[in-house]
Amino acid sequence: APGYGCCGFSGRFAAKRRTAKSLEEKNLQIEEERQRSDELLLNILPASIAEELKTNGKAKARQYKEATVFFSDFINFTSIAEKLSPQELVQELDKCFKGFDFIISQYEDIEKIKTIGDAYMCASGLNERKSMPHSMVKAALEMQEFLEEQKQERIRMGKPYFEARIGIHTGPVVAGVVGVKKFAYDIWGDTVNTAARVEANSEAGKVNISETTYGLIKYDFECIHRGKVQAKNKGLLDMYYVQRELVAAAV
């Protein structure tokens, strides 16, 4: 009888240990899934919005008084696309956009908003801290440098290449999350429309900025005043091409 009791105890102990191990493995699996879910959420939403969404199941729209909005698109995209196979086209777009993603990831105040076809949109100043457009302008210059390197490589290979227009404007925006399935973080307002017009009036390899943005960065970057430029639905707007960051500002 004592032997039977001992075997019964050891059997129960082994079963309990197996249950604990199984529970530990499941908890580890749940934690890994949660981390993957969090990483995915942070890929498409700013950290503060993702946290609010997880906590409350929804995120309130916010207004920011001085955000800087960036647009870029590729010149003659349709005609270049016709010269590439579908796979080559996607690969080239992916390479360019990954390059853009890497550049803005070096600046904690810049948030990628979305890509629309061959257009790329990002913004800074979407937080409670006051944000100047300097990071955005620096990132824009770096993006054009990156595209120039890609262009030279493509020329050496005898292949078509992409060149981009870039436009930047600063002003108030409303930001929020829309949708239930495939929800998206987006921004709205006249500032967004104006940034798109500034981009449309840029040229290959150039960073075109509005007068508002220029007023905030003029002591740190060398710019060329283009005068008043006719912008669709906006009338005449003063625009400036950014040439380079001034050395004193970079120190």
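All values reported here derive from a predicted model rather than from experimental measurement. (Residues numbered from 1 in each chain as written. Predicted model: local features only at pLDDT ≥ 70, side-chain atom pairs only at ≥ 80, totals over all residues. Heavy atoms only, no water.)

**Some details on the side chain of threonine 68**
Among the structural elements, threonine 68 can be located in strand β1 (residues 62-74). A distance of 3.0 Å separates a polar atom in the side chain of threonine 68 from a polar atom in the side chain of threonine 170. Discounting chain neighbours no more than four positions away, the residues touching threonine 68 are Cys122, Ala123, Ser124, Pro133, Met136, Ile168, His169 and Thr170. (Helix = DSSP H or I, 4+ residues; strand = E, 2+ residues; numbered from the N terminus. Polar contact = N/O pair within 3.5 Å; in protein donor to acceptor, adjacent residues only side chain to side chain. Contact = heavy atoms within 4.5 Å.)

**Description of the packing of aromatic side chains**
This model, assessed by the stated rule, comprises nine aromatic pairs. For the ring pair phenylalanine 70 and tyrosine 120, a centre distance of 6.3 Å and an interplane angle of 90 degrees mean the geometry is edge-to-face. One end of the pair, phenylalanine 70, is in strand β1; the other, tyrosine 120, is in strand β3 (residues 119-124), and 50 residues separate them in sequence. Summarising the burial analysis for this pair, phenylalanine 70 and tyrosine 120 share the class buried. Centre to centre, the rings of phenylalanine 77 and phenylalanine 162 are 5.6 Å apart; their planes meet at 25 degrees, and the pair counts as stacked. Separated by 85 residues along the polypeptide, phenylalanine 77 in helix α3 (residues 77-81) and phenylalanine 162 in the loop between α5 (134-157) and β4 (164-178) bring together distant segments of the chain. Accessibility assignment for this pair places phenylalanine 77 and phenylalanine 162 in one class, buried. The structure contains a cluster of three or more aromatic residues connected by ring pairs, namely Phe70, Phe74, Phe77, Phe97, Phe100, Tyr120, Phe146 and Phe162. (Phe/Tyr/Trp six-rings, centres within 6.5 Å; stacked < 30°, edge-to-face > 60°. Buried < 20%, exposed > 50% of the residue type's maximum accessible area, 1.4 Å probe, protein only.)

**Describing the pattern of salt bridges**
When the charged atoms of two side chains lie near each other, side chains of opposite charge can form a pair. Tallying each qualifying case throughout the model produces 12 salt bridges. Ionic pairing is found between lysine 95 and glutamate 92, a salt bridge with its closest N-O pair at 3.9 Å. Within this pair, lysine 95 and its partner glutamate 92 are both found in helix α4 (residues 86-105), separated by three residues, close to a single helical turn. Given a relative accessible area of 40%, lysine 95 falls into the partly exposed group. Ionic contacts of the salt-bridge type, sharing partners, join the residues Asp73, Arg165 and Glu199 into one network. (Salt bridge = Lys/Arg side-chain N within 4 Å of Asp/Glu carboxyl O.)

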